[in-house]
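# Descriptive analysis of the structure
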Amino acid sequence: MAALPVLARAESRSVAPDEGRPLQTVIDAATPGDVITLQAGEHMGPVTIDKALSLVGQGRASVVGNGKGSVITITAEGVTIRRLQVSGSGIDLTKLDSGIFAAKTAKRAVIEDNTITGNLFGVYLHGASESIVRGNRIAGLQEGRLSEAGNGVTVWNAPGSMVLDNDISFGRDGISTNASRRNVFSGNRFRDLRFGVHYMYTNDSEISNNVSTGNAVGYAIMFSNRLKIKGNRSDGDRDRGLLLNYANGSEITGNVVVGRLQPTERWLTAGTRSSEHGMPKTEEGSAVADGNRRLGPEKCVFIYNANKNRFRDNVFEGCAIGIHFTAGSEGNGISGNAFINNRNQVKYVGTRHLDWSADGRGNYWSDNPAFDLNGDGVGDSPYRPNDLIDRVLWTSPQAKLLTSSPAVQVIRWAQAQFPAILPGGVVDSHPLMLPTQRKEATQ
């Protein structure tokens, strides 16, 4: 009840850009609960908001920094920033210079419908739990090295925060999260970035219905557990559509990764290719060349030491490799997915037998010449994406010169006739005759 007198004194203030007073002076004079409306034009920053108020733009109102530090810094709970244009941050990575920076004390911040351009970091939630970043248009630095740029939205130890329906381009990563939990990243669009989503040490969270187009990697999920990754799309990303590295106990459902022929220059531009975080460089023969274009992603999915995950009803189409499965990943269930027109459907080098089917339902393989005599939608014989010769080619690429030789053809014929001599590897005991989500994948 003690808060009621404060709310009763709340006011709406309209501020013109030529009032002669610094915007910080107006904020300092405001009362918690006030709504400060900035009229169209430039309002000079930087500013710090240390009380619960709303800063709202009218028309083309902008807050412009002086090239040092963050443009808008939020330190109070319950602050709203809405319909503003924000630009002019510093470029010091160590100081986390941002368009909008929400400190640990800035719980339940709402940052929505803003245009945030040309800043080092777009929005930085630095411990600001239960905050919402929604419907913003964020464009980062478009020049210089990726390693010297910031992210569109950074979430650091901000439990319960949500990043929804934003359009994010340029800079380093679209959304980068670290050491957080119970977050939702949904409905965002990413382009011209290194990673669309870069996920580190963030558990019990959701990545859903996002679209990544033309980035180096669509979704890089690392060192995180119990995630729901559903309904996302990677369209023409360069290296990986979906990368799982030490990601465990997660549900990966209804996602679509589509490969495209892309200009070869995308692999040659200085400063844009990275071998960090377990991302190997281009392997000889892993991409399909077409004049000055090549196929990307190189791998629709890369699974590296990721355990007890469930891949269901996803579409992986048109990549150099459909799925690369390696480094002792255990207990993963892979069923109901569609592997369509990948140059190599699966890359798996190992001696264990892995059955990619569950409860009588496997996956669809576009290169599987199967029969379904009883019409139950399941092939009458198991499908093996790799044989002994494939294993030799993965370990010794030079051997591809021999693939058309009569000896190799005899070996492959013998394996087909006598399955008992097949090596360990992936087998789909119940391959599907029709793909899942085929319409969505080709749109």
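Our structure's up above, just so we're on the same page.
This text gives an overview of the structure that appears in the document. (Residues numbered from 1 in each chain as written. Predicted model: local features only at pLDDT ≥ 70, side-chain atom pairs only at ≥ 80, totals over all residues. Heavy atoms only, no water.)

### So, the pattern of salt bridges
The tally for this structure, following the rule as stated, stands at 16 salt bridges. The closest approach of N and O atoms between E112 and R134, which form a salt bridge, is 2.8 Å. Taken together, the positions of E112 in strand β11 (residues 110-112) and R134 in strand β14 (residues 132-134) put the pair 22 residues apart, joining distant regions of the chain. Here D235 and R260 are joined by a salt bridge, their closest N and O atoms 2.8 Å apart. (Salt bridge = Lys/Arg side-chain N within 4 Å of Asp/Glu carboxyl O. Helix = DSSP H or I, 4+ residues; strand = E, 2+ residues; numbered from the N terminus.)

### Brief notes about the pairing of strand β5 (residues 54-57)
Here β5 shows two buried faces, one formed by S54 and V56 and the other by L55 and G57. Judged from the 4 bridges that link them, strand β2 (residues 35-38) and β5 form a sheet pairing that is parallel. Each residue of the ladder has a partner; that of I36, found in β5, is L55. Across 3 bridges, β5 lies against strand β8 (residues 80-82) in parallel orientation. (Buried < 20%, exposed > 50% of the residue type's maximum accessible area, 1.4 Å probe, protein only. Pairing = 2+ DSSP bridges.)

### Observations concerning the state of the cysteines
Applying the stated rule across the entire model yields 1 disulfide. Disulfide partner of C300: C319, at an S-S distance of 2.0 Å. Its S-S torsion of approximately 90° makes the covalent link between C300 and C319 right-handed. In this pair, C300 is assigned in strand β34 (residues 299-304) and C319 in the loop between β36 (315-317) and β37 (321-326), connecting sequence segments 19 residues apart. Across the pair, exposure class does not vary: C300 and C319 are buried alike. (Disulfide = S-S within 2.5 Å.)

### Here we look at the sheet that holds strand β4 (residues 47-49)
The sheet built from 12 strands is open, its strands ordered β4-β7-β10-β13-β16-β19-β22-β25-β28-β34-β37-β40 with parallel pairing. The sheet is open, and its two edges are formed by β4 and β40 (344-348), each paired on a single side. Geometrically, the sheet is characterised by an average inter-axis angle of 10° between neighbouring strands, direction not taken into account. Relative to strand β19 (residues 173-181), strand β16 (residues 153-156) runs parallel, the two being bridged by 4 bridges. Bridge assignment links W156 to a residue of β19, and that residue is N178. (Axes fitted to C-alpha atoms, helices over the stretch in contact; angles between N-to-C directions.)

Keep in mind these numbers describe shape, not what the thing actually does.
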